[in-house]
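The residues making up each chain are set out below.
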Amino acid sequence: MPTELQPARGTHDLIGEDQRRHQFVIDTARRIAGIYGFDQWATPIFEDTRVFARTLGETSDVVMKEMYTFEDRGGDSITLRPEFTAGVCRALVSNGLTQSLPQKVFLAGPMFRYDRPQKGRYRQFHQIDIEVLGSAEPLADAEVITCGWEIIKALGISQQVVLELNTLGDKESRQAYRDALVAYFTEHQGALSQDSLERLDRNPLRILDSKDPGDRKLVADAPTITPYLTEAAGGFYEGVKRYLTLFGVPFRENPRIVRGLDYYGHTAFEFITTKLGAQDAVGGGGRYDGLVAEMGGPQVPAVGWALGVDRLALLLDGPPAAPAGVAVVPIGDTEAAALEIVQALRQAGIRAEMAYRGNLRRRMERANRIGARAAVIIGDDDIARGVAQVKDLQTGEQEAVALKDIPARLR
Ligand code: AMP
């Protein structure tokens, strides 16, 4: 017997309730993003590897360990996207849109990272994402965050999610802070994990992100960025907080938030939850003013976030209801009339199916199994009278309805 094939490690099928949860997250996000003035884009799932290698930076873990990169048949190096932002910036430049700013973009789709799979962490997962390209003002940061918060509220999970906010300052602030961190961690380097020792030279801010218990103890007493913020950077951060308060978005400041990627500055934030164990981040984002220029475009200030659809779907309370349609059940020689009813229902926009296998009992079982809310039963006598029996499958009530009135009756 051939071996039964399984989904590749770290991937999962979305079927039934899983798919409905997933789709509900995406539909809700698209609707709210639309209200906030975002237009949907779709960028390719794979890109020239340089799109990610150049922008995620040599020091980012995503580039170093997690990318699905391969040579295609033509010998080009291709990478399955690990995130949206780099592709969006590439698309902005490729489509000549750097002259039509700002652009407010919403995206949804699969991402790929070669990570160690566990609950809430997959190798193919899904993100929703918004980006504002071409706005340098703190109001843009606040609008982006508010839109994310409104999506979380509309999903009914805002009780389980906290917004944590930080600033990474401008280049000058970051340089001074970086020096302070290097000095601090160098003093304690005997207690640092091997990974963090390597980060010490390349990207000391990332040590703040470390999950290693020994590192975390050190991080607890590490300097924060606040005293190193320039006046301009401090003012920007105050602006973001003022607008968030104005929009009624609750947040908690967390000076330990850094983004793993190198092109972030100023605002950095995460939406976190206590409900998913180790995988506590449902999303995050920040400001990345230097990225488009690295893509070969002009200097375009930008801010955005990505939220994990799989994790949001896990947090949803009641699963969205399965669509309940109508089952049409012919008895005797009434197939043609039954098909006409099915067709009339579908034309009226009502989900409808014919249950035609087996005896009446089997047919009614089928109606229940497909989750029908009503059955339309039609026998030879009914045809003669120009009616069919409409049975409410919740209450069991049944009555004869004229054939032409059936779609209106079941709408
Ligand atoms: P990031 O781009 O790493 O900031 O991720 C943004 C969000 O995407 C995270 O907060 C998660 O909700 C989700 N995410 C990231 N990596 C994975 C993964 N491997 N599996 C499932 N969701 C993920």
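Residues numbered from 1 in each chain as written. Predicted model: local features only at pLDDT ≥ 70, side-chain atom pairs only at ≥ 80, totals over all residues. Heavy atoms only, no water.

Trainee: Just checking my understanding: could you explain the pairing of strand β4 (residues 77-80) for this structure?
Mentor: Looking down a regular strand, the side chains alternate between one sheet face and the other. Inspection of the sheet shows strand β2 (residues 46-48) paired to β4 by three bridges, in the antiparallel sense. Considered in β4, the bridge of Glu47 is made with Thr79. Strand direction decides the pairing type here: strand β3 (residues 68-71) and β4, joined by four bridges, are antiparallel. Across the sheet, the residue bridging to Tyr68 is Leu80, located in β4. Here β3 folds back onto β4 in antiparallel fashion, the turn holding five residues, of which Gly75 has a positive phi close to 85°. (Pairing = 2+ DSSP bridges. Helix = DSSP H or I, 4+ residues; strand = E, 2+ residues; numbered from the N terminus.)

Trainee: Looking at this model, I keep getting lost on the site of the ligand. Mind explaining?
Mentor: In the vicinity of the ligand lie 13 residues, with Arg113, Tyr122, Arg259, Val282 and Gly283 positioned nearest. A distance of 3.1 Å separates an oxygen atom of the ligand from a polar side-chain atom of Gln127. Between the ligand and the protein, one listed contact pairs an oxygen atom with a backbone N or O atom of Gly283 at 3.0 Å. Protein contacts shield 86% of the accessible area of the ligand, which totals 480 Å² for the unbound molecule. Taken together, the elements giving at least two residues each to the shell around the ligand come down to β6 (124-133), β10 (281-287) and β11 (302-308). Broken down by element, the residue count for the shell around the ligand peaks at three residues, all from β10. For the shell around the ligand, the residue count by class is five nonpolar, four polar and four charged. (Near = heavy atom within 4 Å. Polar contact = N/O pair within 3.5 Å; in protein donor to acceptor, adjacent residues only side chain to side chain. Areas by Shrake-Rupley, 256 points an atom, 1.4 Å probe, with all protein chains shown as cover. Nonpolar A, V, L, I, M, F, W, Y, C, P; charged D, E, K, R; others polar.)

Trainee: How do you make sense of the packing of helix α6 (residues 171-187) against helix α7 (residues 194-202) when you look at a structure like this?
Mentor: Packed helices, taken two at a time, are described by the angle their axes make and the gap between the axes. Two elements in contact, α6 and α7, have axes whose closest approach is 10 Å; the angle formed by their N-to-C orientations is 145°. In this structure, the crossing between α6 and α7 has a hand that is left-handed. Side by side, α6 and α7 meet where Arg178, Val182, Phe185 and Thr186 of the first sit next to Leu200, Asp201 and Arg202 of the second. Considering only residue class, the contact of α6 with α7 consists of three nonpolar, one polar and three charged. (Axes fitted to C-alpha atoms, helices over the stretch in contact; angles between N-to-C directions. Left-handed = near helix turned anticlockwise from the far one by under 90°. Contact = heavy atoms within 4.5 Å.)

Trainee: I keep staring at the side chain of Gln103 and nothing clicks. Help me out?
Mentor: Here Gln103 shows up in strand β5 (residues 103-112). Among the polar contacts listed, one links the side chain of Gln103 to the backbone oxygen of Ser100, at a separation of 2.8 Å. In this structure, Gln103 is in contact with Trp41, Leu92, Leu97, Glu131, Val132 and Leu133, ignoring residues within four places of it in sequence.

Read these as layout, nothing more, since geometry by itself doesn't imply function.
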